[in-house]
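# Secondary and tertiary structure notes
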Amino acid sequence: MGAYCKGCGVMLQNERKDQIGYVPTLDAIYCQRCFKIRNYGDVVFSMQQGIESNKTFSKINEIDAIVFWIVDLFAFESSLIPKLNQKLPGKDIIMVLTKRDLLPKTLSIEKISSFVQERLAQENIKVKDILLCSDLLKQSAEAIQSIEFLEQAIDYYRQDKDVIFMGMANVGKSTILNLLNQNKVLTTSCNPGTTLDLIPIVQDGYTIYDTPGIENGHSVLTYLSNKDLKTVIPVKTIRPFVSQIFEDQSFAAAGLARLDIKVKGKASVVAYFSRSVSIHRGKLENADSLWQNHLNGMLSPCLDTSLLTMHTYHSKMKGDKMDIVIHGFGWFCVSGAIEEISVKVHKGIYVTFRKAMI
Ligand code: GDP
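Summarised in this report is the structure supplied together with it. (Residues numbered from 1 in each chain as written. Predicted model: local features only at pLDDT ≥ 70, side-chain atom pairs only at ≥ 80, totals over all residues. Heavy atoms only, no water.)

### Concerning the site of the ligand
Around the ligand lies a shell of 15 residues, among which Asp101, Asn170, Lys173, Ser174 and Thr175 are the nearest. Here an oxygen atom of the ligand sits 3.0 Å away from a polar atom, N or O, in the side chain of Lys99. Between the ligand and Asp101 there is a distance of 2.8 Å, counted from a nitrogen atom to a side-chain nitrogen or oxygen. Burial of the ligand by the protein chains amounts to 87% of its free accessible area of 580 Å². Class assignment for the residues of the shell around the ligand results in seven nonpolar, four polar and four charged. (Near = heavy atom within 4 Å. Polar contact = N/O pair within 3.5 Å; in protein donor to acceptor, adjacent residues only side chain to side chain. Areas by Shrake-Rupley, 256 points an atom, 1.4 Å probe, with all protein chains shown as cover. Nonpolar A, V, L, I, M, F, W, Y, C, P; charged D, E, K, R; others polar.)

Next comes the structure, spelled out in structure tokens:
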């Protein structure tokens, strides 16, 4: 019989590094995930070992509760859960938006709100309310106010039900729960049952359930090492990288995505990625050789992205200003006289073409 992790109780295995319970050697006591949390307090590690979403949804559906769904505004597309209402039949859902501080300050609340409502309508996702949090990492008056507002929303919407917090991995769910429960036992530590199961946090007269971060097999983040996650996940407000182009051009975002643009006049490309991600611009005709010669060097971090293992998405220009979102990574916003757009990403990574957010 196999051994179990002393931290979270999963069965230990040393065959699949990307799966739950992985240990480098089978005599380990803790799975790699719990080991890292215990030793390095590694909060982003859960990206690589998300929980299969169906299991989480069936657990949520067993409880009579209102759902607070946490969504990262920067990683908006990879935080969305397709067919959410069908997955949670009969459940009221409140959407909570996080990491507003990563977007430019000039982006107004009204613009964020209409962007989010339009995207939800396009995805046919119905929520009862949308709440926007300020930067929760700063001990600011706005952050305190966001949490107070969230508490009021819980009281208002829950009626006599319990409350469930859910969302994709890395959206900021634990941060919110920790702030909501500052005087209670926290869920980010790795005690038996934590994060791999629903964790009850008993409140005055009801229970908040924390759920495991849902895995997202279509996000770049799921496949990166911890070191590379630190490069790719932004921690400061995004500084847009603006380019005017007059001829066919190619843009490499590290070694993780490549945008090729054919123009019929003047166009503009704005890149929204973490400040630590370098963007390389060059002539389209040189793009293949640049990619092949510099992948894993100048174009880092990268996945196993030789041109053979990449998938190409094609699009024409739609509307005046269009975002090309590489799930979990960032996006390019394009406008002007564009003839044709193609995006190369590692197979399995999703790309969304949407009306510009900013
Ligand atoms: P979880 O996986 O959904 O539980 O997410 P965490 O709460 O562990 O947060 C994931 C990462 O996002 C951590 O590095 C947090 O420090 C960061 N984070 C959480 N809230 C915010 C926020 O409001 N602004 C920014 N910039 N980062 C945040």
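### Structural notes on the pairing of strand E4 (residues 162-167)
For E4, a buried count of five out of six residues is recorded, marking the element as mostly surrounded by other parts of the structure. Bridge count between strand E1 (residues 65-72) and E4: six bridges; the pairing is parallel. The residue of E4 that forms the bridge with Val67 is Ile164. Pairing geometry for E4 and strand E6 (residues 207-210), over three bridges, is parallel. Residue Ile164 lies in a different strand from E6, and its bridge partner there is Tyr209. (Buried < 20%, exposed > 50% of the residue type's maximum accessible area, 1.4 Å probe, protein only. Helix = DSSP H or I, 4+ residues; strand = E, 2+ residues; numbered from the N terminus. Pairing = 2+ DSSP bridges.)

### Notes on the nonpolar core
In this structure, Phe68, Trp69, Phe165, Met166 and Ile176 are the most contacted members of the largest nonpolar core, which totals 63 residues. Here the element with the most residues in this core is E1; it accounts for seven residues. Shared between two domains, this core holds at least three residues of each, these being domain 2 (45-216) and domain 3 (241-355). Residues contacting Met166, with those up to four places away along its chain left out, are Phe57, Ile60, Val67, Phe68, Trp69, Ile70, Ile81, Leu84, Leu88, Lys173, Thr211 and Ile214. (Core = buried A, V, L, I, M, F, W, Y, C linked by side-chain atoms within 4.5 Å. Domains from an automatic or database assignment. Contact = heavy atoms within 4.5 Å.)

### Looking at the environment of Phe165
Along the chain, Phe165 turns up in strand E4. Taking the C-alpha atoms as reference points, Phe165 and Ile176, 11 residues apart in sequence, are found 9.5 Å from one another.

### Points about the sheet that holds E4
Strand pairs in the sheet, formed through backbone hydrogen bonds, run parallel or antiparallel to each other. The strand order across the open sheet built from six strands is E3-E2-E1-E4-E6-E5, with neighbouring strands paired in mixed fashion. Two strands in the sheet have a free side with no partner beyond their single neighbour: strand E3 (129-132) and strand E5 (199-202). For this sheet, the mean angle separating the axes of adjacent strands, direction not counted, is 25 degrees. (Axes fitted to C-alpha atoms, helices over the stretch in contact; angles between N-to-C directions.)

### Looking at the environment of Ile81
Along the chain, Ile81 falls in the loop between helix H3 (76-79) and helix H4 (84-87). In this structure, the C-alpha to C-alpha distance between Ile81 and Val71, residues 10 residues apart in sequence, is 9.6 Å. When neighbours within four sequence positions are excluded, Ile81 is seen to be in contact with Phe57, Trp69, Lys87, Ile125, Met166, Met168 and Ile214.

### Here's the deal with the side chain of Ser219
By the secondary structure assignment, Ser219 is in the loop between E6 and helix H8 (226-232). Setting aside anything within four residues of it in sequence, one finds Ser219 in contact with Ser78, His327, Gly328 and Ile349.

### Topic: empty space enclosed by the protein
Per the counting criterion, the structure on display carries two cavities of 30 Å³ or more. Put simply, the second largest cavity is a space of about 40 Å³. As for the second largest cavity, its lining consists of Phe74, Ala75, Phe76, Glu77, Ser78, Val325, Ile326, His327, Gly328, Phe329 and Gly330. For the lining of the second largest cavity, the element with the highest residue contribution is H3, accounting for three residues. In terms of residue class, the lining of the second largest cavity is made up of six nonpolar, four polar and one charged. Here the lining of the second largest cavity spans two domains, and each of domain 2 (45-216) and domain 3 (241-355) adds at least three residues to it. (1 Å grid on protein atoms, 1.4 Å probe; cavity = no way out; pocket = protein on both sides within 12 Å on 5 of 7 lines; lining within 4 Å. Points joined across faces, edges and corners; volume = space filled by probe spheres on them.)

### Some thoughts on the packing of helix H6 (residues 141-158) against helix H7 (residues 173-180)
Any two packed helices are characterised by how steeply their axes cross, that is the angle between the axes, and by the distance between the axes. In contact at an axis separation of 10 Å, H6 and H7 are set at 85 degrees when each is read in the N-to-C sense. By the angle between their directions, the pair H6 and H7 is classed as roughly perpendicular. Contacts between H6 and H7 involve Ile147, Leu150, Glu151 and Ile154 from the former and Ile176, Leu179 and Leu180 from the latter. Class assignment of the residues belonging to the contact of H6 with H7 gives a composition of six nonpolar, no polar and one charged. (Parallel < 35°, antiparallel > 145°, perpendicular 65-115°, else oblique.)

### Some points on the packing of aromatic side chains
Counted according to the given criterion, the structure contains eight aromatic pairs. Centre to centre, the rings of Phe251 and Phe332 are 6.3 Å apart; their planes meet at 55 degrees, and the pair counts as tilted. In this pair, Phe251 sits in strand E8 (residues 249-253) while Phe332 sits in strand E13 (residues 330-346), placing the two residues 81 residues apart along the sequence. Note on Phe332: relative accessible area 0%, which makes it buried. (Phe/Tyr/Trp six-rings, centres within 6.5 Å; stacked < 30°, edge-to-face > 60°.)

### Observations regarding the pattern of salt bridges
Scanning the entire structure with this criterion turns up 13 salt bridges. Note that Asp72 is salt-bridged to Lys99, the shortest N-O span being 3.3 Å. Taken as a pair, Asp72 in strand E1 and Lys99 in the loop between strand E2 (93-98) and helix H5 (109-123) lie far apart in primary sequence, 27 residues in all. Both residues of the pair, Asp72 and Lys99, count as buried. For Asp323, the salt bridge goes to Arg354, with nearest N and O atoms at 2.9 Å. Residue Asp323 is located in strand E12 (residues 321-326), and its partner Arg354 is located in strand E14 (residues 351-355); the two are separated by 31 residues in the primary sequence. For the pair formed by Asp323 and Arg354, the shared burial category is buried. Overlapping salt bridges bring together Glu77, Arg119, Glu123, Asp323 and Arg354 as one network. (Salt bridge = Lys/Arg side-chain N within 4 Å of Asp/Glu carboxyl O.)

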